[in-house]
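Coordinates in review
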Amino acid sequence: MSKFIIRRVFLAILIVLFGSFAVYAVIRALPSSYVETIARQRAQLPGSKSYSEWLAQLNSLFRLDTDVFTGYAGWLSDALKGNFGDSWTYTVPVTQKFKDVIWYSFSLNIITFVLQTVIAIPLGITAARKQYSRTDYAITFFALLGISLPSFFLSTVLKYIFSIKLGWFDLYGIVGRYHEQLDSFGKILDMAHHLFLPVLVLTMLSIGGLMRFTRTNMLEVLNSDYIRTARAKGLPESKVINKHAFRNTLIPLVSYMSYLIPSMFSGSMITETLWQIPGIGYISFGAMQQGDIPFTMFYNVFLILLTQVSLLFADIMYAVVDPRVRVN
C-alpha cells in the first residue's frame, strides 16, 4: 500500500504541474489584459509617464515580457515558496484574500455535501428496492428534474417566490443589514438564513446524479447470486440490504463521491455569483473578469490539488470499503 500511495502522490504532482502550466498558458493568451488596462489608466493621470512606458514597467514586474515557459518557471518558483503574489484586482496577497473568503464557500459546500449524501443515497436505495413502482418513478422524475434545471433558472425562480413575492429572504448577500448589531449566536442565525436558498439550489441540482448512480449500482448488486442466496437462507430484508447489498454498492459510490467536493467548489461559482456570496467562486469570477493572473492561477491550482487529493483518498478507501480490494 505504501508503494502505491507514493506512486499516486508522484502522479498527482505531475498532473498538478501540467495542469497549472496549461492554465498559465491559457491566461497569458487571453485577449483582455489587466496590465494594459492599468497602464492606460495610469498614463491618463496628469504628469504621468506614457502608456508604453507604463506597459513595459508592469510587464517586467509581472514577468509578462518573457516567454510563457520562463514566466511559468518564475511563477512556480515563487509558488513553491508559498508566495502566490498580490491580487491585481483586490490589491492584497492572494493567500490572504483566499483565507478571508474560503470559509463562506466551505460552509456552503459542506452543508450541501452532507444534505446531498443524506437525501440521495437513501432515495436511490428505495428506488432500487421498489423498481418500476410509483415510488421509483416519482423519485426518478424529481431526480431528472433536478439534473435538467440550470442553476441560474432555479435561483431566479426561488428568488421570485421566496424573496420578491413572500419576502422571506434577501435577494443577495451573506449577511443582513443589522448583522454587526447582533450577538454571536444571532450572527450565525443571520448567515444561516441567507445561506438557506443557495444551499437549497445546490442540493436540488446535485442529488439527482448521486441518486441515479446509487439506484443503478444497487440494482446491479440486488441481482447478484449472493443476494439471492442470502434471501434464500431466510435473512431479514433489512439485513440483506444494509449489510450485504449496500456494502458492495459503496465501492462505486466512493469513486463517484470523490469528484463531488472539487466539482462543488468549481460549480458553486455560478450560485455564489447569482446570490453575491463572497466565497472563493464569486471572488475568483471577478478576478478572471479583470484578467487577474495571480488570483486566477491560485484558484485553478487549488481546484487541481483538491481533485487529486480526493482521488487519492478514493483509491485508499477502496481497500477500507471492501476487504477483497487490495493493492499489490
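Computed from a predicted structure; not experimentally measured.

This part covers a nonpolar patch on the surface. On the surface, a cluster of nonpolar side chains totalling about 1,100 Å² of accessible area is made up of Phe152, Phe153, Val157, Tyr160, Ile161, Ile164, Leu166, Trp168, Leu171, Tyr172 and Ile270. Sort the elements by how many residues they give to the nonpolar patch and helix α7 (residues 151–165) lands first, with six residues. You can see Tyr160 is positioned in helix α7.

Let us look at the packing of helix α5 (residues 94–129) against helix α8 (residues 184–222). The geometry of α5 relative to α8 is characterised by a closest axis approach of 5 Å and an angle of 35° between their N-to-C directions. Crossing of α5 against α8: the hand is right-handed. Across the contact of α5 with α8, the residue classes tally to 22 nonpolar, seven polar and two charged.

Our next topic: the confidence of the model for the protein chain. With 94% of its residues at a pLDDT of at least 70, the protein chain reaches an overall mean of 81. The least confident element of the protein chain is helix α10 (residues 237–257), whose mean pLDDT is 75; the most confident is α7, at 88.

Examined against the element boundaries, Ser87 turns out to sit in the loop between α4 (68–80) and α5. Among the residues examined, Ser87 registers a relative accessible area of 2% and is labelled buried. Taking the C-alpha atoms as reference points, Ser87 and Ala230, 143 residues apart in sequence, are found 60 Å from one another. In terms of polar contacts, Ser87 uses its side chain to reach the backbone amide nitrogen of Tyr90, at 3.1 Å.

What follows deals with the side chain of Ser151. Within the secondary structure, Ser151 is located in helix α7. Setting aside residues no more than four positions away along its own chain, Ser151 makes contact with Val201, Leu205, Ile270, Thr271 and Leu274.

In this section: the environment of Tyr282. Positionally, Tyr282 belongs in helix α12 (residues 280–289). C-alpha of Tyr282 to C-alpha of Gly176: the two residues are 106 residues apart in sequence and 18 Å apart in space. Leaving out residues up to four positions away in the same chain, Tyr282 has contacts with Glu272, Thr273, Gln276 and Ile277.

Right, let's get into the pattern of salt bridges. Counted by the stated rule, this structure contains two salt bridges. Arg215 is the partner of Asp136 in a salt bridge, and the nearest nitrogen-oxygen pair spans 2.8 Å. Taken together, the residues span a long stretch of sequence, with Asp136 in helix α6 (residues 134–148) and Arg215 in helix α8 at a distance of 79 residues. In this structure, Arg228 and Asp225 form a salt bridge, with 2.3 Å as the shortest nitrogen-oxygen distance.

What follows deals with the nonpolar core. The nonpolar side chains of a soluble globular protein tend to be buried, and buried together. Grouped together as the largest cluster of nonpolar side chains are 35 residues, with contacts concentrated most on Trp75, Phe265, Ile280, Ile293, Met297 and Phe302. Per-element accounting of this core gives the leading share, ten residues, to helix α13 (residues 293–321). In this view, Ile280 contacts Phe98, Val101, Ile102, Ser105, Phe265, Glu272, Phe295 and Tyr299; residues no more than four positions away in its chain are not counted. Counting residues in hydrophobic clusters, the runner-up holds 22 residues, among them Ile125, Ala127, Ile227 and Val240.

Quick notes on the rules
- Residues numbered from 1 in each chain as written.
- Predicted model: local features only at pLDDT ≥ 70, side-chain atom pairs only at ≥ 80, totals over all residues.
- Heavy atoms only, no water.
- Patch = residues over 30% accessible without salt bridge, like charges linked within 9 Å, V, L, I, M, F, W, Y side chains within 5 Å.
- Areas by Shrake-Rupley, 256 points an atom, 1.4 Å probe, with all protein chains shown as cover.
- Salt bridge = Lys/Arg side-chain N within 4 Å of Asp/Glu carboxyl O.
- Helix = DSSP H or I, 4+ residues; strand = E, 2+ residues; numbered from the N terminus.
- Axes fitted to C-alpha atoms, helices over the stretch in contact; angles between N-to-C directions.
- Left-handed = near helix turned anticlockwise from the far one by under 90°.
- Nonpolar A, V, L, I, M, F, W, Y, C, P; charged D, E, K, R; others polar.
- pLDDT = per-residue confidence, 0-100.
- Buried < 20%, exposed > 50% of the residue type's maximum accessible area, 1.4 Å probe, protein only.
- Polar contact = N/O pair within 3.5 Å; in protein donor to acceptor, adjacent residues only side chain to side chain.
- Contact = heavy atoms within 4.5 Å.
- Core = buried A, V, L, I, M, F, W, Y, C linked by side-chain atoms within 4.5 Å.

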